[in-house]
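Listed here are the chains, written in short residue letters.
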Amino acid sequence: MNAEQQALCARFEGFLAKIDERLREIMTEAEQGVLALIAQHPTDVMPLGNALSGLDHRVRELKDKIQETWDQQIESKFSALDSGGRFLDVGFDMKQDFEQRFDEQWATFKVRAHSQFYRNLFPLATAAAQKPVPCSQCGAPLEAVDRSVSASIHCVHCGAVNQILRDPAISAYKLGGPHAFADEEALPLRFEIERFRTQVDRQRRATSWANESFESLQRWEQMERAYWQRFVEAKARFGGEPVDHALVESRMAQFRKYDLETNQIWRKGMGLG
Amino acid sequence: MSDRLYAIDETLDAHVRYVHESALVPGTWVEACRFYGLVIQGRSAGAATVDEVANALRVVALRAATELERVQLEVEDLDEDRVERLWDRLACLVPKEAEVYRARITPRSGGLGLGAIFENAQASVGKHWWSEMKFEARITLICKTCGAPQQKSRDFTCAYCGGDLFRRGGGNGR
């Protein structure tokens, strides 16, 4: 890289660092708001969802600036200093790497916000679950009451049927908690897959867009399976329920149909013709 | 004899700290309200509202004022400046500390203008027609004729007198 090219890279890096700084500012300020929102509405996830949608829009606007600036000002400068197509690729890679880090930071923020909501809800749900539910007729405590759903409970003492309505804290926790925690736990594997795909694309670009090898496609499939496996195992662990293997297979069937079976190398390797 | 003034100041600090700390933890806040003889009405969960915190602080200020009056009656050689400062503190306690709490729970609307996003996020809370609905968490169907409770799920005929557990409108049973 000559001095002119180095200077352009440094300028582009400076621009990306400003975007990164802006994202961090948004996340720092948003974190305060998210924590306050969770404290104010500990059993209702809707305000948090609304806030994250609004923040998502702000973050998307910020990310769009990268593409706009690239299209309007930067790409042409990289092209002008390009000799044989390699230097433009350097610019593309810088942009792509940054966008990937940007997406990862923001996705992590959102997933953590949700899991924080459910972590905060857990003691409320536990307290509600431990609270005895007396029979509305004789006052004796009702047995085996699952407060996450509404149910008819028969009092073993007086025989009266009690219609017990679900407890909002317990049902909200059961409905979203395990999913949010599993999302948080599996997210690093999703990032690994995305980084792997970027590396594969670059490898192909470096070899005149040669086909991706069957072994590489198999690795992709394994990574995808590992992601879903981690997700369902974590969800089962947090929810105290059996591992949902069917979910893994259904996600893998979609993945194979749309990402692998359209690839001739894969089809050949699998003997699909 | 300003030890007693010091004790009032210290106790006041402790109560204010307790109110602030417990206000953000729903379960603890219910206990705190009970401690100050307050009843939370109209909601079942969430951090304390600013009004609730102000009410608790009013109780704290009132108790401190009562104690201060007693000390003034009982002790002659009190430091007048300190007494005055304490009265000033009590006079401003509720609005000042309520404002501190408001600032703590209000999402920051600093330089990036994210406050509007958080305000909008909460705008729809409590505006649904069902949000003000009050209902019992436990319901038992009672026979309209003899008052006996329902004995079997999905069986709406009284096990004792054969009457209906639901009152039916019209003569044809519909």
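Residues numbered from 1 in each chain as written. Chains lettered and ligands numbered in written order. Predicted model: local features only at pLDDT ≥ 70, side-chain atom pairs only at ≥ 80, totals over all residues. Heavy atoms only, no water.

**So, the overall build of chain A**
Note the following rule: Each helix is a run of DSSP H or I of at least 4 residues and each strand a run of E of at least 2, with the numbering of both proceeding from the N terminus. Think of it in three bands: with a 1.4 Å probe and only protein chains considered, a residue is buried below 20% of the maximum accessible area for its type, exposed above 50%, and partly exposed in between.
Broken down by element type, chain A carries seven helices and two strands. Beginning at the N terminus, the succession of helices and strands in chain A can be written as α-α-α-β-β-α-α-α-α. Counting the 273 residues in chain A, one finds 41% classified as buried.

**Quick look at the packing of aromatic side chains**
All names here are of chain A. To keep things clear, this is the line we draw: The rule is short: rings of Phe, Tyr and Trp, with Trp giving its six-membered ring, pair when the centres are within 6.5 Å, and they are stacked under 30 degrees, edge-to-face over 60, tilted in between.
The tally for this structure, following the rule as stated, stands at 19 aromatic pairs over all chains. Plain terms: the ring middles of W70 and F78 are 5.7 Å apart, the flat faces sit at 35° to each other, and that makes the pair tilted. In terms of burial, W70 and F78 fall into one category: buried. Centroid distance W106 to F109: 5.0 Å. Interplanar angle 10°. Geometry classified as stacked.

**Describing the side chain of A:Q5**
Residue and element names in this part refer to chain A. Here is the rule: Each polar contact in these results corresponds to two N or O atoms within 3.5 Å; when the atoms are within protein, one needs to be able to donate a hydrogen and the other to accept it, and residues that are neighboring in sequence are counted only if both atoms are side-chain atoms. Note on definitions: a residue-residue contact is assigned when non-hydrogen atoms from the two residues lie within 4.5 Å.
Tracing the sequence through the fold places Q5 in helix 1 (residues 3-40). Here L81 takes part through its backbone oxygen, which lies 2.9 Å from a polar atom of the side chain of Q5. If sequence neighbours within four positions are ignored, Q5 has contacts with L81, S83 and F87.

**Quick notes on the pairing of strand 2 (residues 161-164) of chain A**
The condition that has to hold: Two strands are counted as paired when DSSP detects at least two bridges linking them.
Direction of pairing for strand 1 (residues 151-154) of chain A relative to strand 2 of chain A: antiparallel, over a ladder of four bridges. In the sheet register, A:A151 faces strand 2 of chain A, and the bridge partner there is A:I164. What sits between the antiparallel neighbours strand 1 of chain A and strand 2 of chain A is a turn of six residues, in which A:G159 has the positive phi angle 85°. Pairing geometry for strand 2 of chain A and strand 1 (residues 138-139) of chain B, over two bridges, is antiparallel. Residue A:I164 lies in a different strand from strand 1 of chain B, and its bridge partner there is B:R138.

**Here we look at the interface of chain B and chain A**
In plain terms, the rule: As a working definition, buried area equals the accessible area (1.4 Å probe) given up by two parts on being put together, with both sides summed. What makes a salt bridge here is a side-chain nitrogen of Lys or Arg within 4 Å of a carboxyl oxygen of Asp or Glu, nothing more.
Listed as interface residues are 35 residues of chain B and, on the opposing side, 39 residues of chain A. Summed over both partners, the interface of chain B with chain A comes to about 3,000 Å²; 61% of that surface belongs to carbon and sulfur atoms. Scanning the region where chain B abuts chain A turns up zero salt bridges. Counting across the interface, chain B meets chain A through eight residue pairs in polar contact (both at pLDDT 80 or more). Mapped by element, the contributors of at least two residues to the side of chain B that touches chain A are helix 5 (115-123) and strand 1 of chain B.

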